[in-house]
Amino acid sequence: MSQKLLQVDRLTTGYRTQTGHMVEVIRNVSLEMHEGETLGLVGESGSGKTTFGMALMGYLRPGGQVMAGTVRFDGVEIFGLGPNELRKLRGKRMAVVPQSASLSLTPTMRVGDQIAEVLTVHVGLSGSELSERLLELLTQVHLPQVAELARRYPHELSGGQLQRVAIAMGLAAAPELLVLDEPTTGLDVTTQAHILDLLRELQEHFGMAMLYISHDIGAIARVSDRLAVMYTGQIVEDGPIEEVFGRPVHPYTRGLLSSVPRVSYAGLPRAMDGRPPAPGEHEVGCSFAPRCTFADETCTTIDPTLEPIDPDAKIAHLVHCHHWQRVVASEDFGEMQDLKARTKKAVELEPLIELTEVDITYAKRGLGAFLRRLRGVPEPPMTVSDFTLTIHRGETVALVGESGSGKSTIVRTIAGLLPPRAGRIRYGDQDLTTKVERRPIEIRRKIQMVFQHPEASLNPRHTTKQIIDAPLRLFFKTDREQRLERSASLLEEVRLSPRYLEWYPGQLSGGEKQRVAIARAFAAEPELVLCDEVTSALDVSVQAAVLDLLAGLQADRGVSYLFISHDLAIVRAIADRVVVLYQGRMCEVGPVERIYAPPFHPYTETLLAAVAEPVPGARARLLAKDVQEAEPPARGCCFQRRCPRRVGSICDEETPPWRVAVEGHLISCHIPLDELRESQVDLISTSSI
Amino acid sequence: MLALIVRRLLLSVVTLTIVAVVVFATTELLPGDWATAYFGREATPQRLERLRAELGLDRPATERFASWFGRALRGDLGSSLARKEPVLGLIASRLEKTFLLGGVAGLVSIPLALALGIIAGLTRGRRADVAISTISLIGMSLPEFVVGTVLIFVLSITLQIFPALTVVRADTSFVDFLPNIVLPAATLTIVWVAYILRMVRTTMIDVLASEYVEMATLKGIPRARVVLRHALPNALLPTINAIALMLAALLGGVVVIETVFNYPGVGLLLVTAIRNRDVPLIQGIAITIAVMYVTINLVADLLTTSLDPRLRSLRG
């Protein structure tokens, strides 16, 4: 085994609350890392994983303090160092790649300068040596036109490019330890696949040790040698990645792994019961006990210790559980519930809403547009063009695509927030090309929306009761008593206890808030619910429960969903039909089971190939470059600039024809379907090894 | 950038027109006019009528406004009724003095406020911050005339270092004039520093808590560089607009300060003009002040736009 690089010993950190209590965030964590090793650290929001990563750098957020334990880096106690010694270590021997590069790069400084200062301070480079090394670094992270790019400001780069800059910044002084804090969260699936690939490549080249912190098990599986699972500030399981994935011994690890939706499976993953305690909430015993099916009295009174399951193993597999033998013995792992089978529904072929050749643009017809025309600048292409879709009663249609694909724009138009520039939208015999305030109240009632961030969509000064009461009061002529009764029963439908009626959003967890938002939408007794990335802000264990809830409500009420997501696994679990969008243009539309099998539209193929399934060592196939296009091409196929199967100038010149694979499965491509089918592999069954 | 400037200039014309109408209407609402003010107690109906006819004051208000506005558009603001001199010239000579006062106060207060604000932001909650913040609070809560009066009492009357009132004769040279500026400028400085430094302190604290400053710290670059290169430029951007508003407010605030110190600037001219019902002069000064306001704000916006790379590309 290689040299030990980092040794964390019984580290406990915390902060003092306003009432003077100490709240522990990291609890008694012991961990070691070796040179050149990649350790994945997985945990849900609030588990303390970021705090832990920063603590390794000797950095605690304001108010935080070390309460016990040590962090030794190459034998030196980090928290024993003075500010200057610490400064010489940070950025040089240990570096951080931050969670969101767009917030972590200084907006007023050129990106090149931000990397260069690391080289100046830690490596002592200057002049032509400095600029040479800078360009070399940018090339190593596969950025295009490096000389020009170095002179740009952060906001002028795409998300993927920023993340690459952040990685180059971390690697600048060739550190021995790189702490990556959710480096791919918030990136598109193809970009994420490229970044993960890059990290592997860079590690082979630089040989640094990496701590890869993430909530995304699929991403972790791809890069890590070892996996540590964190729950409420403790390490609950730590072992070689294949072992932890193949034979998880902690109940939480098991729950986490089975709540991840997979593209290879057309069913909903299982949700974990309960929610993690907030820091300081938990007092005695094992903190997972309240959510654990194996828990007994021992668990609620005595906190277990982290012990090896096999003392003779070469690489230790540690677990923090009294009953891990019982867990191992139980068969209860890995099954998913087949949602489709459980809530078998007959989709009636009665159209609910019909969109025909809809064009949408954000371009205003103001002074700016006038001046542009004077200067002869052509009008930008439509954000969404020629969008045609019919949603039937009781059906779930998913819109899939990366950021900038126009998914949310279409939802905004249906909701009446952004009227289309051209085309027809019919809802029964009602015209929906109008703004929401001009629509009859019945239509407003029938179309409801659930947003991505419940924090932002629920008024923090209203109680749950007030939130749910608003649509009831607006749409139904009922008295206060009846409305209260209705609110309580709606809460019950979203599986929240009626005592939540008096609570404010601030007192609810993310999943609970989203349930309240769903209850509010259903209070109006809608026919169509627009769901805009409703689970992407939620933890994976909570996400499964929310999807299950939505499916159940649909079975009971017969509503239709327009479900927007960038996550192909979730779409597979919940949708009946799928529309694949690129740059506001439809690439492929069809029943869900057809979308996930050849023939694929080349864009669908690219997306599916990039998906990170939670399988150790799986590598994505990178079919297309992860460029983020500012606007769609003026003519020809929308995917022409990135397409791995480009045939030639016809792609740039002519709009591809719609080819019918089977009834209802259409692909817009210049390549004949037979040709596509023959050359494409079944990505789903192959990616899961 | 071009569209921005065009749009803002068009808006400015609208703003100035509205200002002209409102100021004219307000002077109409004041009891009495130039004629009653001129004759005072010796006013008789015949005298008033004759003077009004002579000056055209008997014409309807709308007509008088239209002719005034028409001439103003050509750059002719008319003549002062009291002094029989062109309004433009009168304002120009006084504006010089006001600019001198504002300039001196600005040159002292802006760097001082920035320095103190940054120090307070960096030492948040500690002794330096508490001291600076407390003093600035006191400075903010005292009205200008109180500060001015206290300064006069201490430095002019008790210690007799500076003149309490400005006395200017035609032959007063620039150098002889300078001591007159110290007290009014000091008053302005105290008030401005208090405001600007609080603004700088707040934005500095926000910026220091940002993720990019955290990142810069984790890069292990020296603290001074983190503050000067990463934090400061971002903290200054919102401050520029605040300073602009402050400078613009000077043009209102000088009325008080110039009166307290009898300082011969535009403010004092305005007070005299109002007392005399000298409508062309009031109009002229009001328009001048409005032009200043609009210009300073436009300059500040262009400055932030050119300093902030994000706005630069947003506004193209």
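This structure is a prediction, so every number in the text was calculated from the model and none was measured. (Residues numbered from 1 in each chain as written. Chains lettered and ligands numbered in written order. Predicted model: local features only at pLDDT ≥ 70, side-chain atom pairs only at ≥ 80, totals over all residues. Heavy atoms only, no water.)

When helices and strands are counted, chain B shows 14 helices and zero strands. What you see in chain B, going N to C, is helices and strands ordered as α-α-α-α-α-α-α-α-α-α-α-α-α-α. By principal-axis analysis of the C-alpha atoms, chain B measures approximately 85 × 55 × 35 Å. Every one of the 316 residues in chain B was classed for burial, and the buried ones make up 42%. Taking the intrachain contacts of chain B between residues at least 6 apart in sequence as the baseline, contacts between residues at least 24 apart amount to 72%. Within the structure as shown, chain B displays about 16100 Å² of accessible surface, and the carbon and sulfur contribution to it stands at 69%. Taken as two groups, the 29 positive and 21 negative side-chain charges of chain B have centres that lie 7 Å from each other. (Helix = DSSP H or I, 4+ residues; strand = E, 2+ residues; numbered from the N terminus. Buried < 20%, exposed > 50% of the residue type's maximum accessible area, 1.4 Å probe, protein only. Contact = heavy atoms within 4.5 Å. Areas by Shrake-Rupley, 256 points an atom, 1.4 Å probe, with all protein chains shown as cover. Lys, Arg positive; Asp, Glu negative; His and termini not counted. Charge placed at Lys NZ, Arg CZ, Asp CG, Glu CD.)

With that settled, the discussion passes to the sheet that holds strand β16 (residues 422–427) of chain A. Strand pairs in the sheet, formed through backbone hydrogen bonds, run parallel or antiparallel to each other. All names here are of chain A. Pairing within the open sheet is antiparallel, and its four strands lie in the order β14-β13-β16-β17. Edge positions in the sheet fall to β14 (384–392) and β17 (430–431), since each of these pairs with one other strand and no more. Taken together, the five bridges between strand β13 (residues 351–360) and β16 define a ladder with antiparallel strand orientation. Along β16, the bridge assignment pairs Ile353 with Tyr427. Along the sheet, helix α16 (residues 407–414) makes contact with β13, β14 and β16, crossing β13 at roughly 120 degrees. (Pairing = 2+ DSSP bridges. Axes fitted to C-alpha atoms, helices over the stretch in contact; angles between N-to-C directions.)

Here the focus is the interface of chain A and chain B. Taken together, the contact pairs 29 residues of chain A with 22 residues of chain B. With both chains or domains summed, chain A and chain B bury close to 2500 Å², and 62% of this area falls on carbon and sulfur atoms. The three residues of chain A that bury the most area against chain B are Pro107, Thr108 and Glu117 of chain A, which together make up 21% of that side's buried surface. The partner of Arg229 of chain B in a salt bridge is Asp113 of chain A, and the shortest N-O contact between them spans 3.8 Å. Where chain A touches chain B, the interface holds 12 residue pairs in polar contact (both at pLDDT 80 or more). Those elements that place two or more of their residues in the side of chain A that touches chain B are α3 (101–104), α4 (111–123) and α15 (367–374) of chain A. Top contributing element to the side of chain A that touches chain B by residue count: α4 of chain A, with six residues. The residue makeup of the side of chain A that touches chain B, split by class, is 15 nonpolar, nine polar and five charged. (Buried area = accessible area lost by both parts, 1.4 Å probe. Salt bridge = Lys/Arg side-chain N within 4 Å of Asp/Glu carboxyl O. Polar contact = N/O pair within 3.5 Å; in protein donor to acceptor, adjacent residues only side chain to side chain. Nonpolar A, V, L, I, M, F, W, Y, C, P; charged D, E, K, R; others polar.)

Before going further, it helps to spend a moment on the domain arrangement of chain B. The extent of an interface is frequently quoted as the accessible surface area lost upon association of the parts. All names here are of chain B. If you check the domain split of chain B, you get domain 1 (2–73) and domain 2 (88–314). Between the C-alpha centres of domain 1 and domain 2 the distance comes to 32 Å. Tallying the contact residues gives 20 residues for domain 1 and 15 residues for domain 2. A combined buried area of about 1500 Å² lies between domain 1 and domain 2, and 75% of that area is made up of carbon and sulfur atoms. Three residues stand out in domain 1 for area buried against domain 2, namely Arg8, Leu16 and Trp68, and they jointly supply 32% of the buried area on that side. The interface formed by domain 1 and domain 2 contains one salt bridge. In this structure, Asp301 and Arg8 form a salt bridge, with 2.4 Å as the shortest nitrogen-oxygen distance. Along the contact surface separating domain 1 from domain 2 lie one residue pair in polar contact (both at pLDDT 80 or more). (Domains from an automatic or database assignment.)

What follows deals with the domain arrangement of chain A. All names here are of chain A. By domain assignment, chain A separates into domain 1 (4–93 + 173–329), domain 2 (104–172) and domain 3 (353–439 + 528–596). Placing a centre on the C-alpha atoms of domain 1 and another on those of domain 3 gives a separation of 37 Å. In this assembly, 21 residues from domain 1 lie in contact with 16 residues from domain 3. Surface buried jointly by domain 1 and domain 3 totals about 1600 Å² across both partners, of which 60% is contributed by carbon and sulfur atoms. At the junction of domain 1 with domain 3, the criterion picks out zero salt bridges.

Any two packed helices are characterised by the angle at which their axes cross and by the distance between the axes. All names here are of chain A. For the pair helix α21 (residues 510–523) and helix α22 (residues 540–557), interaxial distance at closest approach is 10 Å and the crossing angle is 15 degrees. The angle between the axes of α21 and α22 places the two elements in the roughly parallel class. Judged by the sense of rotation from one axis to the other, the crossing of α21 with α22 is right-handed. When α21 is examined against α22, the residues Gly511, Arg515, Ile518 and Phe522 are found in contact with a partner set consisting of Val542, Ala545, Val546, Leu549, Leu550, Leu553 and Arg557. Split by residue class, the contact of α21 with α22 holds eight nonpolar, one polar and two charged. (Parallel < 35°, antiparallel > 145°, perpendicular 65-115°, else oblique. Left-handed = near helix turned anticlockwise from the far one by under 90°.)

It is worth spelling out the pattern of salt bridges at this point. Summed over all chains, the structure comprises 31 salt bridges over all chains. For Glu32 of chain A, the salt bridge is made with Lys4 of chain A, and the minimal N-O distance between the two is 3.5 Å. Placement of the pair is Glu32 of chain A in strand β2 (residues 22–34) and Lys4 of chain A in strand β1 (residues 4–16), with a sequence separation of 28 residues. According to the relative accessible area criterion, Glu32 of chain A is partly exposed, its value standing at 28%. A salt bridge links Glu117 of chain A to Lys219 of chain B; its shortest N-O distance comes to 2.8 Å. Of this pair, Glu117 of chain A sits in helix α4 while Lys219 of chain B sits in the loop between α10 (211–218) and α11 (223–261), which puts the two residues in different chains. A single burial state applies to Glu117 of chain A and to Lys219 of chain B, both of which are buried.

Turning next to the environment of Gly139 of chain B. All names here are of chain B. Among the secondary structure elements, Gly139 is positioned in helix α6 (residues 127–141). By relative accessible area, Gly139 is classed as buried at 9%. The spacing of Gly139 and Tyr195 is 56 residues in sequence and 8.2 Å in space, taken between C-alpha atoms.

Bringing the nonpolar core into the picture now. All names here are of chain A. Core analysis: the biggest nonpolar cluster contains 99 residues, and Phe52, Ile115, Ile167, Leu177 and Leu211 have the highest contact counts within it. Both domains that meet at this core, namely domain 1 (4–93 + 173–329) and domain 2 (104–172), each give it at least three residues. Sequence-distant contacts of Ile167, that is, excluding residues within four places in its chain, are made with Val97, Val141, Ile195, Leu198, Leu199 and Leu202. (Core = buried A, V, L, I, M, F, W, Y, C linked by side-chain atoms within 4.5 Å.)

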